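# Structure assessment
Spelled out from the first residue to the last, the chains are:
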Amino acid sequence: MLTLDALEITQGDFRLGADMSFEAGQVTALIGPSGAGKSTLLSVVNGFFRQTSGRVLWQGKAIDDLQPDERPVATLFQDNNLFPHLTIAQNVGLALGPKLSFGSDPRVAEMLSAVGLTGMEGRKPARLSGGQQSRAALARVLLMDRPIVLLDEPFSALGPGLRTEMLDLVRSKLLTPDRCILLVTHDPDDARRSSDTVALIDDSEVAPPVPTEELFANPPERLKTYLGI
Ligand SMILES: Nc1ncnc2c1ncn2[C@@H]1O[C@H](COP(=O)(O)OP(=O)(O)OP(=O)(O)O)[C@@H](O)[C@H]1O
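About the criteria used
- Residues numbered from 1 in each chain as written.
- Predicted model: local features only at pLDDT ≥ 70, side-chain atom pairs only at ≥ 80, totals over all residues.
- Heavy atoms only, no water.
- Helix = DSSP H or I, 4+ residues; strand = E, 2+ residues; numbered from the N terminus.
- Rg over C-alpha atoms; globule rule 2.2 N^0.38 Å.
- Buried < 20%, exposed > 50% of the residue type's maximum accessible area, 1.4 Å probe, protein only.
- UniProt positions renumbered as here; feature names shortened; annotations may be inferred.
- Contact = heavy atoms within 4.5 Å.
- Axes fitted to C-alpha atoms, helices over the stretch in contact; angles between N-to-C directions.
- Parallel < 35°, antiparallel > 145°, perpendicular 65-115°, else oblique.
- Left-handed = near helix turned anticlockwise from the far one by under 90°.
- Nonpolar A, V, L, I, M, F, W, Y, C, P; charged D, E, K, R; others polar.
- Near = heavy atom within 4 Å.
- Polar contact = N/O pair within 3.5 Å; in protein donor to acceptor, adjacent residues only side chain to side chain.
- Areas by Shrake-Rupley, 256 points an atom, 1.4 Å probe, with all protein chains shown as cover.
- Pairing = 2+ DSSP bridges.
- Domains from an automatic or database assignment.
- Salt bridge = Lys/Arg side-chain N within 4 Å of Asp/Glu carboxyl O.

## So, the overall build of the protein chain
When helices and strands are counted, the protein chain shows 8 helices and 11 strands. The C-alpha radius of gyration computed for the protein chain amounts to 18 Å, which stays within 12% of the reference 17 Å derived for 229 residues, consistent with globular compactness. Overall, the C-alpha framework of the protein chain stretches about 50 × 40 × 35 Å when taken along its three principal axes. Residues counted as buried form 48% of the 229 residues belonging to the protein chain.

In structure tokens:
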């Protein structure tokens with residue numbers, strides 16, 4: 001369980017509060033207006049931004065004092081973070097450590113196979129389509145094998161069909177009973193299709209996660225406002 005304990009985040013005039021837990025074995029969608037603080041919240045969890053007060057705990061243990069690379073967290077961003085001068089296998093192998101030779105580790109081939117990229121190992125990212133690049137980035141996250149996975153609008157540059165395909169891959173390959181996945185998305189359909197629970201971020205607060213079906217069946221006013229319904 002990922003717990004945000006009396007978390008207060010400030011950045012200039014911006015303020016965000018969060019006090020809740022996210023269950024393992026679930027995908028939680030974080031939705032809310034632009035500038036509400038979705039990316040900032042993820043940065044506090046992965047350690048790139050320090051909260052003003054409160055704690056972040058994984059399985060009851062505070063992870064606040066760990067450096068980003070020591071935290072049990074993997075993050076997938078919209079730009080995929082693939083290095084253009086490295087092959088796909090080398091990019092995926094970076095999940096195991098900074099040596100390029102990790103690209104030939106058999107686990108790299110296994111993860112590339114899991115995301116349907118067998119045969120693409122030696123290509124550079126520029127020679128892959130957008131969807132294939134997303135698959136390679138997902139393979140790297142799979143190989144990192146961290147219990148908390150943060151997805152910051154990772155597939156928003158893809159068309160609707162490909163995006164759906166990637167979100168389905170997230171559920172089928174990445175979601176395990178002991179892993180907690182947070183998905184930032186602007187698209188309510190993505191949240192509906194891929195998340196078990198939804199946490200709304202608005203008015204300087206993160207609302208506790210609510211089962212997705214329940215939320216959309218009976219949307220609170222601030223969700224209606226956000227969706228324009
Ligand atoms: N480096 C910074 N310095 C000061 N304020 C910042 C900085 N980066 C972001 N902010 C502010 O923090 C707030 C939250 O930004 P954040 O990017 O987390 O929002 P978001 O919900 O992810 O938005 P979007 O949906 O547009 O990506 C915004 O008000 C933004 O203006």
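## Quick word on the UniProt feature "domain: ABC transporter" (unreviewed entry) in the protein chain
Mapped onto this numbering, the UniProt entry gives "domain: ABC transporter" (unreviewed entry) at residues 2-228. Across residues 2-228, the secondary structure splits into 33% helix and 26% strand, with the terminal C-alpha atoms separated by 31 Å.

## What about the environment of Gly32?
By secondary structure assignment, the location of Gly32 is in the loop between strand E3 (26-31) and helix H1 (38-46). Its relative accessible area of 1% is what places Gly32 among the buried residues. Along the backbone, Gly32 and Ala126 are 94 residues apart, and their C-alpha atoms lie at a distance of 33 Å. With sequence-adjacent residues up to four places away left out, Gly32 is seen in contact with Lys38, His186, Ile201 and Tyr226.

## Remarks on the packing of helix H4 (residues 130-144) against helix H5 (residues 160-174)
Put simply, H4 and H5 touch, their axes get as near as 11 Å, and they point 15° apart. Here H4 is positioned roughly parallel relative to H5, judged by the angle of their axes. Of the two elements, H4 crosses H5, and the hand of that crossing is right-handed. Contacts between H4 and H5 pair Gly131, Ser134, Arg135, Leu138, Val141 and Leu142 from the former with Leu162, Glu165, Met166, Leu169, Val170, Lys173 and Leu174 from the latter. Residue classes in the contact of H4 with H5 are distributed as 8 nonpolar, 2 polar and 3 charged.

## Topic: unusual backbone geometry
Located in the positive-phi region is Asn81, a residue other than glycine, with phi close to 55°. Examined against the element boundaries, Asn81 turns out to sit in the loop between strand E6 (73-77) and helix H2 (88-93). One non-glycine residue, Glu153, lies in the positive phi region at around 45°. Secondary-structure assignment places Glu153 in the loop between strand E7 (148-152) and H5.

## What to know about the site of the ligand
Near the ligand, the surroundings consist of Gln11, Phe14, Pro33, Ser34, Gly35, Ala36, Gly37, Lys38, Ser39, Thr40, Glu153 and His186. In the environment of the ligand, an oxygen atom lies 2.9 Å from a nitrogen or oxygen atom belonging to the backbone of Gly37. Protein coverage of the free-state accessible area of the ligand, which is 640 Å², stands at 56%. Sorting elements by how many residues they give to the shell around the ligand places H1 first, with 3 residues. A breakdown of the residues in the shell around the ligand according to their chemical character gives 3 nonpolar, 7 polar and 2 charged.

## Brief notes about H1
For H1, a buried count of 7 out of 9 residues is recorded, marking the element as mostly surrounded by other parts of the structure. Count one or two residues on from H1 and you reach Gly47, which has phi positive near 90°.

## Considerations on the pairing of strand E2 (residues 14-22)
As judged from the 8 bridges shared by strand E1 (residues 2-11) and E2, these two strands associate in the antiparallel manner. By the bridge assignment, Glu8 is partnered in E2 with Gly17. Turn length for the E1-E2 hairpin, with the two strands adjacent in sequence and antiparallel, is 2 residues, and the turn residue Gly12 shows positive phi of about 60°.

## Things to note about the domain arrangement of the protein chain
The domain boundaries assigned to the protein chain delineate domain 1 (2-72 + 146-227) and domain 2 (84-145). Put simply, the middle of domain 1 and the middle of domain 2, counted by C-alpha atoms, are 25 Å apart. On the side of domain 2, 11 residues touch domain 1, which itself brings 13 residues to the contact. Between Arg179 and Asp145 there is a salt bridge whose closest N-O contact spans 2.8 Å. Sort the elements by how many residues they give to the side of domain 1 that touches domain 2 and H5 lands first, with 7 residues. Each residue belonging to the side of domain 1 that touches domain 2 can be placed in one class, and the counts come to 9 nonpolar, no polar and 4 charged.

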